[in-house]
Amino acid sequence: MTPTSGGDAKRGAQRYFGDPLSMPVQYLKGIGPARARDLAKQGIATVRDLIERVPRAYRDYSQIKPIAQAQNGQPESLMGTVVMVDDRRVRGNLHLTRVIISDGSGTAAGVWFNQPWQAKRFPVGTKVLFAGTVERRGAQIQITNPEWEIIDEESSSDPLHAGRIVPVYPLTGGLNPRDVRRAVYLALQTAADLMPDTIPGPVRERQGLMPAAEAWRAIHFPDSGGQRERARATLAFEELFVLQVGLALVRRQTVVEQAGIAHGPDGEVTRRLRAGLPFRLTAAQERVIRQVAADMESSRPMNRLVQGDVGSGKTMVAVFALAKAVDSGHQGALMAPTEILAEQHYLNLRRIFAPLGVEVVLVSGSLTKKERDANLGLLQMGAAHIAVGTHALIEDRVAFKDLSLVITDEQHRFGVRQRARLQQKGEVMPDTLVMTATPIPRTLALTLYGDLDVSVIDELPPGRRPVGTYWRPESARRQVYDHLMRTEVPAGRQGYVVCPLIEESDKLQAQAATEWYERLKAQYPDVRLGLLHGRLRPAEKEAVMEAFRAGEIQVLVTTTVIEVGVDVPNATMMIIEGADRFGLAQLHQLRGRVGRGSHQSYCVLIADPKTAEARERLMIMQKYSDGFALAEKDLELRGPGEFFGTRQHGMPDLKVANPIADLAILERARAEAMRLVEEDPHLRLPEHQALRQAVKERLGEQFGFILVS
């Protein structure tokens, strides 16, 4: 009973002379301007948008039973002839409409409250299907607000709302489920046969996939659960295949087809750096540093993702990569997504490299014009060896004398295109190192970074203990602070107090932190407090952090500026105020600032959460200290799109596929994509033109530098 390519809908669309897939929905029979406006609120403007609006659920009303066999509490489809309509006001404002049907085995009632117009729809003698959850009280059977279908024996049209597996769509505005179902059905009749078949025939056959038109019809109106699953698998494969082809093309263009810079072996800067380390690198760090060094010494451009949990030491991998670039007479750049992170990296790298005679400069919006111009001049002349900055690094006026290494931190906040723009600052394709402190499950690493080699730092430095994490209500605040100020501090330890996340405003954050600092200073006058926030100049921030590292400040009151790159082993306790306002990844990042020494450390989350999801986040934080486990839970809570913010990092909006649930499909799509791009590196074969068009349409914004020829 999947919709065929019906003539009525096509005849209804004949007033529109363009591509039927691009036809505005208002021209579909029965839609009109008002319903079109409601559909537009869901992002549905064209016939193609309607076809691609995948159901969020299904109700199985396909088994039509004799009424007498209907089961209480079960979804059922019941067919019969209308024998009575009872329409009356029962009390006050309550209006009851009951439509009784009979099939010879028994009777059942369709029931509506305050919908008197329903009575006119079902004249006595009409044959109807009612579908919904059965309520059975003795011999009485009823369905409240049933889905319904009038059975016209002379009509050849399929039932849409009952007597079949019924699709359920998200609704907004004045739309009802019947409106959307009918609109999708008409769209399929009009243009399903025109939906592009992007998967080449040999791939489709190897993978046992449906043709596109058949899959789109079956995903909406399947004849069986098996057909629905096969349709979903086909469309999920197609989405992931197009994405993986795009990533394979990027990889080919940036690694295979580009000449790279062959860096020399470790030199003086690297040797002095290693000799001056006040700690031993872990075996995992050493392994990843060797992988990066081998990539950099190769004549092919490096394209590597380094991921690892908070505190695993990714920054040191970046430091050794930068040292190798400088040793080889080149420059390196590190791009971070926010001013605060860029400043943290700048201060950290300057402290490490200044004694080695390596010049590090900052390029960000927080600098004065004079400072910025001076730093850009040093980069252009080659007098500055390393640039650290925000998106400001990819602006046209930023030029390097000899850029050979590009590092992006917290890569999920950047798109592929932004990474490429920084790479284009080099005369020759620079080596690229991508770092993330947000652990990414393998499924998403394949989806987001399919063009990269992946290294995982899967070991924490020796002596680290898991941080004890506790959620406490605001009523326990004094007790929590007393433990920090009266137990930890007198024992010679230090701590952080992180102020609540107000909104994305440095000014408001700074104001809140300052007020918190003053309040605590009045309550605990004998404790040496420090204040850190985003409105301080870089030199002021560095002075505060140096005082904290040296133990002159015992408790640091701060905003989220300490999220990354702060390493004070003596800090054993963190209090996070308003913890329900933070996401899991950010809470985990903040917690990673303690537990860096040999003493037991604690993170206390103070919050009175208002929503179930916020409570769930806090309970997860208490239960899991491993970042990868936490990331999996975060994905379960929010889904892949929300996990990163789909638009931010360049992941296309997947309509059918779920990279978490569809790992097996993703891996098959990746293997087929790599095979195809190996055979046709520019998608020039005639049989790949539909695929080429799909890659350009869906990934053009993110991967705008591919397929331009």
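Scoring rules and cut-offs
- Residues numbered from 1 in each chain as written.
- Predicted model: local features only at pLDDT ≥ 70, side-chain atom pairs only at ≥ 80, totals over all residues.
- Heavy atoms only, no water.
- pLDDT = per-residue confidence, 0-100.
- Contact = heavy atoms within 4.5 Å.
- Pairing = 2+ DSSP bridges.
- Helix = DSSP H or I, 4+ residues; strand = E, 2+ residues; numbered from the N terminus.
- Axes fitted to C-alpha atoms, helices over the stretch in contact; angles between N-to-C directions.
- Polar contact = N/O pair within 3.5 Å; in protein donor to acceptor, adjacent residues only side chain to side chain.
- Buried < 20%, exposed > 50% of the residue type's maximum accessible area, 1.4 Å probe, protein only.
- Right-handed = clockwise from strand over helix to strand, strands pointing away.
- Expected span 1.5 Å × (residues − 1).
- Salt bridge = Lys/Arg side-chain N within 4 Å of Asp/Glu carboxyl O.
- Core = buried A, V, L, I, M, F, W, Y, C linked by side-chain atoms within 4.5 Å.
- Phe/Tyr/Trp six-rings, centres within 6.5 Å; stacked < 30°, edge-to-face > 60°.
- Lys NZ or Arg CZ within 6 Å of the ring centre and 35° of its normal.

Concerning the confidence of the model for the protein
For the protein, mean pLDDT is 86; residues scoring 70 or higher make up 88% of the total. Note on residues 644–649: pLDDT is under 50 here. Beyond four places in sequence and across chains, it has 21 contacts.

So, the sheet that holds strand S14 (residues 386–389)
The 7 strands lie next to each other as S13-S14-S12-S15-S16-S11-S17, forming an open sheet whose pairing is parallel. The open sheet has two edge strands with one neighbour each: strand S13 (360–363) and strand S17 (453–457). When the angles between neighbouring strand axes are averaged without regard to direction, this sheet yields 20 degrees. Across 5 bridges, the pairing between strand S11 (residues 303–308) and strand S16 (residues 431–436) is parallel. Each bridged residue has a counterpart across the sheet, and for Val306 the counterpart in S16 is Met435. Across the sheet, helix H9 (residues 283–297) is in contact with S11, strand S15 (403–409), S16 and S17; its angle to S17 comes to roughly 155 degrees.

So, the side chain of Asp409
Counting through the fold element by element, Asp409 comes out in strand S15. Here the side chain of Asp409 touches His345 through a polar contact of 2.6 Å, side chain to side chain.

Concerning the packing of helix H8 (residues 268–275) against helix H10 (residues 314–327)
Packing of H8 against H10 leaves a shortest axis separation of 7 Å and a crossing angle of 150 degrees. Counting all contacts with H8, which are made through Glu268, Val269, Thr270, Leu273 and Arg274, the residues of H10 involved are Val319, Phe320, Ala323, Lys324, Val326 and Asp327.

Overview of the pairing of strand S21 (residues 555–558)
Moving residue by residue along a regular strand, the side chains alternate between the two faces of the sheet. Burial along S21 is two-sided: Val555 and Val557 and Leu556 and Thr558, pointing in opposite directions, are all buried. Direction of pairing for strand S19 (residues 494–498) relative to S21: parallel, over a ladder of 4 bridges. Along S21, the bridge assignment pairs Val497 with Val557. Pairing between strand S20 (residues 529–532) and S21: 4 bridges, direction parallel. Its bridge partner lying in S21, Gly530 is registered against Leu556. On the question of chirality, the crossover connecting S20 to the parallel S21 by way of helix H17 (residues 538–549) is right-handed.

Notes on the environment of Glu542
Of note, Glu542 is situated in helix H17. Judged by relative accessible area, Glu542 falls into the buried class, the value being 12%. Along the primary structure Glu542 and Gln344 are separated by 198 residues, whereas in three dimensions their C-alpha atoms are 8.8 Å apart. Beyond its immediate sequence surroundings of up to four residues, Glu542 is in contact with Leu347, Arg350, Arg351 and Arg549.

Considerations on H10
Because the α-helix completes a turn every 3.6 residues, residues three or four places apart line up on one side. Look at H10: 20 Å from first C-alpha to last across 14 residues, which is about the 20 Å you get at 1.5 Å a residue. A large share of H10 lies buried, amounting to 12 of its 14 residues. Those residues of H10 not exposed but buried are Lys314, Met316, Val317, Ala318, Val319, Phe320, Ala321, Leu322, Ala323, Lys324, Ala325 and Val326. Looking one or two residues past H10, Gly329 carries a phi angle of roughly 85 degrees, positive in sign.

Brief notes about the pattern of salt bridges
All chains considered together, the criterion is met by 33 salt bridges. Taking the shortest distance from any N to any O, the salt bridge between Glu672 and Arg206 comes out at 2.8 Å. Placement of the pair is Glu672 in helix H22 (residues 663–679) and Arg206 in helix H5 (residues 201–207), with a sequence separation of 466 residues. The residue Glu395 makes a salt bridge to Arg372 at a minimum N-O spacing of 2.5 Å. Placement of Glu395 in the loop between S14 and S15 and of Arg372 in helix H12 (residues 369–381) is noted, with a sequence separation of 23 residues between them. With a relative accessible area of 12%, Arg372 lands in the buried category. Through salt bridges with shared partners, one network takes in Arg48, Glu52 and Lys655.

Overview of the environment of Leu508
The residue Leu508 is located in helix H16 (residues 506–523) in this model. A relative accessible area of 32% means that Leu508 is categorised as partly exposed. The spacing of Leu508 and Arg535 is 27 residues in sequence and 9.8 Å in space, taken between C-alpha atoms.

What about the nonpolar core?
In terms of nonpolar packing, the biggest core is built from 61 residues, with Leu50, Ile51, Trp216, Phe241 and Val245 touching the most fellow members. In terms of residue count, the dominant contributor to this core is helix H7 (residues 225–256) (12 residues). Residues within four places of Val245 in sequence aside, it is in contact with Ala673, Val677, Leu683, Leu691 and Val695. Val288, Met302, Met316 and Ala336 belong to the second largest nonpolar core, which has 41 residues in total.

Let's talk about the pairing of strand S8 (residues 140–144)
Relative to S8, strand S5 (residues 107–113) runs parallel, the two being bridged by 3 bridges. Within S8, the residue paired with Ala109 across the bridge is Gln142. Looking at chain direction, strand S7 (residues 135–137) and S8 are connected through 3 bridges and run antiparallel. Paired with Arg136 across the strands is Ile141, a residue of S8.

Quick word on the packing of aromatic side chains
For the coordinates displayed, the defined rule picks out 8 aromatic pairs. On the basis of an interplanar angle of 15 degrees and a centroid distance of 5.7 Å, the ring pair of Phe237 and Phe241 is categorised as stacked. With Phe237 and Phe241 both in helix H7, this residue pair falls 4 residues apart, about one helical turn. In this structure, Phe237 and Phe241 share a single accessibility class: buried. One residue, Arg178, lies across the ring of Trp148, its end atom 3.4 Å from the ring centre. The ring of Tyr58 carries the charged tip of Arg228 above its face, separated from the ring centre by 4.7 Å.

Quick word on the sheet that holds S20
Spatially, S18-S23-S22-S19-S21-S20 is the arrangement adopted by the 6 strands of the open sheet, whose pairing is parallel. For this open sheet the edge positions go to strand S18 (468–472) and S20, each flanked by a neighbour on one side alone. Strand-to-strand twist of the sheet, defined as the mean angle between neighbouring strand axes without regard to direction, takes the value 15 degrees. Pairing analysis gives 5 bridges linking S18 to strand S23 (residues 602–606), with the strands arranged parallel. Paired with Arg472 across the bridge in S23 is Ile606. Contacts from helix H19 (residues 612–623) reach S18 and S23 within the one sheet, and its direction differs from that of S18 by about 150 degrees.

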